[in-house]
Structures are given as C-alpha cells and as structure tokens.
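Observations on the model geometry
Single-letter residue listing:
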Amino acid sequence: MDSFEELAVVRAEALAALEETENIAALRDWEKAYLGRKGKVTLQIRAIGKLPPAQRPAFGKEVNQVKQELAVLYAEAEKSLKRAEIARRLAASAVDVTLPGRPAISGHLHLTTQTLRQIYAIFAQLGFEVYESPDVELESYNFDLLNIPAYHPARDMWDTFWVDDKRLLRTHTSPGQIRVMRERTPEPIRVILPGKCYRYEQITARSEHQFYQVEGLAVGRQVSMTDLIGTMHQFAELFYGEGRQIRVRSSYFPFTEPSIEVDTDCILCGGEGCPICKYTGWLEIAGAGMVHPVVLENGGYNPDEWSGFAFGMGVERPSMMKYGVEDIRLFYGNDLRFLRQF
Ligand code: PHE
C-alpha cells in the first residue's frame, strides 16, 4: 500500500467512526484518535518527511485536505450534538400549554361569619345598628357596672380569663351596653353588639372557651317587656322560619330586672320532642330582660325617665341547630372538610 492508499484507508475509517459517535464525549475521543497529537491523521502528516522528496508536495496537499475535511466535520458534529442535547433537556422540562388549567380553589365565609351577617341583616330590618366594643375589657365594665360587684355570687356564672388584675377577656358582650350608653348623650338607642367572648371553661362538644354572642340593647322613654318579646318573636321567625313560636321563662341576671330566658319551638320536631331539643320541644335562643335601673344609671341614663331591654344570644349554637352540627369544636378546628360544607 502506498502512502496515498494508506491515507484513504485512514480517511474512510475516520468517516465511518464519526457516524458512530452519539454524544459529545464520544466525539472528543474521535477527535483525539484522528486529529490529536498522536492521532492517525497527524501521524500521516509527520510521515511526510520520510517520503521521497518528489512525492512530498502532492501527499502534503492531500493529507492537509483530509485534515481540513475532518476538522470541518468535527465542528459540525459538535454543533449538532450540542443542539440535540439542548432539545432533549427542553423536551424533558416542557410545559404542555394545551393542557387544561388547574382550577384555583376559592374560599368563602366561615359559617360563623355567615350566621353573624344573617343576624345583622335581621336586626337592621328592625332598626338596630351594629356597634362593636373591645374584646379586652375592664373588670368594671364586664362586672361592676353591670351590677355584679366582686362579692356577688353571680360572678361564678362567668369563669374568667384575666389579663392582669384589672383587665380581662370579656366573658359576655353585655359590657358593650355601658359603653354605648356612655357614648351617647341620653337619647334613644337601638344597637346590637356582636363579638367574641371568652370563658375559662372545659372544652367539650357543647361548650368552647371562645364563642360569639350578639348583644341587643334598646333604650327609650317607654320601652317595655312587650317590645322585648315582640322583638324576640320577630327574630325567631326571620332567623328560623315563619310561624315560629317563642316562649319566655323567668330567669336571673344581675343587670336585668325582670330577667327572662327566650326559647323557640324546636326547629326539627316542631315541639314534639327530639334529640336536638333534648325532648323538651324547645330551643333556648337568648337570655334577656329589662335593663336594670342601676345599669341605666351607670350608663348615664336616668331610670325615672328611661327604660330599656337587653338580650344576649349565642351564634354558634343557633348555627348548630340550623345545620345539624353536633360538635361546637368544629367551629375552631379549621378542618376544611367541615368548613367547605357551608
Ligand atoms: N350576658 C348574658 C350572658 O352572657 C346574656 C344576657 C344579655 C342576659 C343581656 C340578659 C341581657 O349569659
């Protein structure tokens, strides 16, 4: 084989081997094998010196052409392998823009908020405005000014979370009565006072240590027990449904005189007796009464000229009855399976 034939064999071998390179690493090996310092083509160039002088120019030209050709092919192969690599990576991380989107989950109002708003709407219809008073209350507003002095046994009705020796978390919304009266110069009042209340109590399926109340207060020149009962009846019908009956039982609160407890006929059994009403036929909806003269006076209203009624109702309990919720702890449990149902 003369040197030209040898070169042709090396070239053919190089071209065939190039076809086989499937990745950059293999391509680099190929380059080393043919064009590197000890590569087969490089060795051919080095061998020029050993040829008879007459053959050197022609062979030199030929071997340089082969080297050029392979160098160009190498550059092209490198480019296309890199491009293929990028395409592969893009494909692996591709976003299919034709796929349908994932629906965004939208929230909604908590059951308690929904119930509160229903209550606001009902009392707005009856001419009551919403007034808010603080959660952290003075002992005097929560108790003393409501005719519950420190020695009064009725304080036991409201187990208390104390903040310091004068301040506490309100145990009921009634302190708001004093705040509203003190804020107004004597003039008729018709407000509801919604808010969270706190009691230092065991948590069970029936009672939480935090819960909402809506207080009502109406003060005027001739407000009577009849107005209170009428208002409670209206509320029962608007909240629980037309045709609801109410019943009034005598009760005791230090800040109302007389005091009553207001019940509505059971929304489930209509009075026949069932587990919801504990077979009494009635559901408790509010504690209420005529504002005690001492409380009117503490609010800056002369009890000889003014009279008023007040009531306090729960919010979670009525929601429970309306929707058949059996455990009050669900209201603060943040379990979405429960919350999503409303
Ligand atoms: N504050 C009383 C309670 O928490 C309810 C109530 C309010 C009773 C207003 C009478 C008048 O139990």
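First, a word on scope: everything that follows refers to the structure included in this document. The shown structure was predicted, so the numbers you read here are calculated from the model rather than taken from an experiment.

Analysis parameters
For every chain, the first residue of the written sequence is number 1, and numbering continues from 1 onward in sequence order. Restriction of local features to residues with pLDDT of at least 70 applies here, the model being predicted, together with a cutoff of 80 or more for giving and counting side-chain atom pairs; totals for whole chains, interfaces and linings are based on all residues. Only hydrogens and water are removed before side-chain values are computed, so all heavy atoms of the structure are retained for them. Every case where a carboxyl oxygen of Asp or Glu lies within 4 Å of a side-chain nitrogen of Lys or Arg is listed as a salt bridge. Exposure classes here rest on a 1.4 Å probe applied to the protein chains alone. A residue is buried below 20% of its type maximum, exposed above 50%, and partly exposed in between. A run of DSSP states H or I qualifies as a helix once it reaches four residues; a run of E qualifies as a strand once it reaches two. Both are numbered from the N-terminal end. When DSSP finds two or more bridges between two strands, those strands count as paired. By convention in this text, a residue qualifies as near a molecule or strand provided that one of its non-hydrogen atoms is within 4 Å of it. Here a polar contact means two N or O atoms within 3.5 Å. Within protein one must be a hydrogen donor candidate and the other an acceptor candidate, and residues neighboring in sequence count only if both atoms are side-chain atoms. Shrake-Rupley sampling with a 1.4 Å probe provides the accessible areas, and residues are treated as covered by the protein chains on show and by no other component. Gly counts as polar in this scheme, as do all residues outside two lists: the nonpolar Ala, Val, Leu, Ile, Met, Phe, Trp, Tyr, Cys and Pro, and the charged Asp, Glu, Lys and Arg. We call a set of buried Ala, Val, Leu, Ile, Met, Phe, Trp, Tyr and Cys residues a nonpolar core when their side-chain atoms join them within 4.5 Å. One fewer than the residue count of a helix, multiplied by 1.5 Å, yields its expected span. Directions from the helix axis toward the C-beta atoms define the arc. Two residues form a contact once any of their heavy atoms are found within 4.5 Å.

Attention shifts here to the pattern of salt bridges. Counted according to the given criterion, the structure contains 19 salt bridges. A salt bridge links R337 to D335; its shortest N-O distance comes to 2.7 Å. Using a relative accessible area of 26% as the deciding quantity, one classes D335 as partly exposed. Residues joined in a network through salt bridges with shared partners are R247, R249, D263 and E284.

Moving on to the pairing of strand β4 (residues 189-198). Burial of β4 is extensive: nine of the 10 residues sit out of reach of the surface. Bridge analysis of strand β1 (residues 129-130) against β4 gives two bridges, and the strand direction is parallel. Residue E129 lies in a different strand from β4, and its bridge partner there is V191. When β4 meets strand β5 (residues 210-220), the two strands line up antiparallel, connected through 10 bridges. Looking at the pairing, Y198 lines up with Q210 of β5.

A sheet is described by the order of its strands in space; here seven strands give the open sequence β1-β4-β5-β9-β8-β7-β6, paired in mixed fashion. Only two strands of the sheet have a single neighbouring strand rather than two, namely β1 and β6 (246-253). In this sheet, strand β7 (residues 256-265) lies alongside β6 in antiparallel orientation, the contact comprising seven bridges. Looking at the pairing, R247 lines up with D263 of β7.

Another point: the site of the ligand. Around the ligand sit 15 residues in total, of which H172, S174, R199, Q213 and E215 are the nearest. In the environment of the ligand, a nitrogen atom lies 2.9 Å from a nitrogen or oxygen atom belonging to the side chain of H172. Here a nitrogen atom of the ligand and a side-chain polar atom of S174 are 2.9 Å apart. Compared with its free state, where it exposes 330 Å², the ligand has 92% of that area covered by protein. Elements represented by at least two residues in the shell around the ligand include exactly β5, β8 (282-291) and β9 (307-314). The element that contributes the greatest number of residues to the shell around the ligand is β9, accounting for three residues. In terms of residue class, the shell around the ligand is made up of six nonpolar, seven polar and two charged.

In this structure, F123, M232, F235, F309, F311 and M313 are the most contacted members of the largest nonpolar core, which totals 32 residues. When residues of this core are traced back to their parent elements, those giving at least two are α5 (111-125), β5, α8 (225-240), β7, β8 and β9. Take this core: its biggest share by element is six residues, from α8. I178, V191, L193 and L296 belong to the second largest nonpolar core, which has 25 residues in total.

What follows covers α8. In this model, α8 (16 residues) spans 22 Å end to end at C-alpha, consistent with the 22 Å of a helix rising 1.5 Å per residue. For α8, the set of buried residues is L228, T231, M232, F235, A236, F239 and Y240. Down the axis of α8, the buried side of the element spans an arc of 135°, and every buried residue falls inside it. Buried residues belonging to α8 abut α5, β6, β7, β8, β9 and α10 (316-323). Note on α8: the residue one or two positions beyond its end, G241, has a positive phi of about 125°.

Function cannot be inferred from these measures alone, as they are strictly geometric.
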